[in-house]
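Here are the chains, one letter per residue:
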Amino acid sequence: MNKLFETIKIEDSQILNLKWHNQRLNQSRLELFSLYKPLNLADYIDAPPQGLYRCRVLYDVDIKSVQYLPYKPKAFKTFNIVQSNLEYNYKFDNRSELNNLIVKDYDEIIIEKNGLLTDTSIANIAFYDGSNWLTPKTPLLKGTTRARLLDKNFLKLENIKKENIKNYSHFALMNAMIGFQIQKSITIRLQKGNQLCL
């Protein structure tokens, strides 16, 4: 049975945005295993009293393990657009296909599927058009931070092609650990010999 996981931010004993993690976990359990009785992650997490941690919860029909890993954010400056037909609708623990897309000469990738931009390997994405923050309508994985910001009407859904990037002034990453983070002074490689700086 394929196992899934949730990554939850814990800062100085505070478990952040748990509602959204519970929602995705229980939706995945319902769709994959036909389990209608919801779990509450708060019953399984014993938050460390101090510091910043990445709490990794492994599960299938029930919770298998909970880890608390000290977290240090990474800096991303170079992004490479890669094409793939990868399916990653659920947050499966086996990320080998996703990891195989990563290009060593770049800090991170942006995955293009069916001509549209989707996600990076670790985060949902958004571009600013001067008025709105736009995020892809069809991401590989519907992240919890993306769901929360859509609920607040902070983000708008859009089909985004790599050809559109030149029309945007800012680029952001979002996931449970970094929240919504605007990337500054970055380079996006569109194709061989062609790149954009934001």
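None of these values were measured; they are calculated from a predicted model.

Caption draft 1: Highlighting unusual backbone geometry. Located in the positive-phi region is Asn17, a residue other than glycine, with phi close to 55 degrees. Mapped onto the secondary structure, Asn17 falls in the loop between strand 2 (14-15) and helix 1 (18-33). What makes Asn17 partly exposed here is its relative accessible area of 33%. With a phi close to 55 degrees, Ser185 is a non-glycine residue in the positive phi region. Along the polypeptide, Ser185 turns up in the loop between strand 12 (179-183) and strand 13 (187-191). The class of Ser185 is exposed, set by a relative accessible area of 61%.

Caption draft 2: Focus on the nonpolar core. By size, the foremost hydrophobic cluster in this structure holds 26 residues, and its most contacted members are Leu41, Ile45 and Tyr88. Elements that contribute at least two residues to this core include exactly strand 1 (4-11), helix 1, strand 3 (52-59) and strand 6 (108-113). Top contributing element to this core by residue count: strand 3, with 5 residues. Filtering out sequence-adjacent residues up to four positions away, Ile45 remains in contact with Ile8, Ile10, Ile15, Leu18, Cys55, Val57 and Tyr68. In this structure, Ile81, Ala123, Ile125 and Leu134 belong to the second largest nonpolar core, which totals 18 residues.

Caption draft 3: Highlighting the sheet that holds strand 4 (residues 63-70). Judged by pairing direction, the sheet is antiparallel, and its 4 strands sit side by side in the order 2-1-3-4 without closing on themselves. Edge positions in the open sheet fall to strand 2 and strand 4, since each of these has one partner strand only. Here helix 1 sits on the sheet in contact with strand 1, strand 2, strand 3 and strand 4, set at roughly 175 degrees to strand 1.

Caption draft 4: Expanded view of the side chain of Thr145. Tracing the backbone shows Thr145 in helix 3 (residues 144-151). Within the structure, the side chain of Thr145 is placed 3.0 Å from the backbone oxygen of Asn175, a separation counted as a polar contact. Those residues within four positions of Thr145 in sequence are excluded, and the remaining contacts are Met174, Asn175, Ala176, Gly179 and Phe180.

Criteria and cut-off values
- Residue numbering note: each chain is counted from 1, following its sequence as written.
- With the structure being a predicted model, the display of local features is reserved for residues of pLDDT at least 70 and the display and counting of side-chain atom pairs for 80 or more, all residues being used for whole-chain, interface and lining totals.
- Processing note: side-chain calculations cover all non-hydrogen atoms of the structure and skip hydrogens and water entirely.
- The secondary structure listing takes helices from DSSP runs of H or I that are at least 4 residues long and strands from runs of E that are at least 2 residues long, numbered from the N terminus.
- A simple rule labels every residue: compare its accessible area, found with a 1.4 Å probe on the protein chains alone, to the largest value its type can have, and call it buried under 20%, exposed over 50%, or partly exposed in between.
- Only buried Ala, Val, Leu, Ile, Met, Phe, Trp, Tyr and Cys residues count toward a nonpolar core, and they belong to the same one when joined by side-chain atoms within 4.5 Å.
- In what follows, residue pairs with any heavy atoms lying within 4.5 Å of each other are defined as contacts.
- Any two strands are treated as partners once DSSP identifies two or more bridges connecting them.
- Fitting a line to C-alpha atoms yields each axis, with helices limited to the stretch in contact; the angle taken between N-to-C directions then spans 0 to 180 degrees.
- Two N or O atoms count as a polar contact when they lie within 3.5 Å, although within protein this holds only if one can serve as hydrogen donor and the other as acceptor, and sequence-adjacent residues are included solely when both atoms are side-chain atoms.

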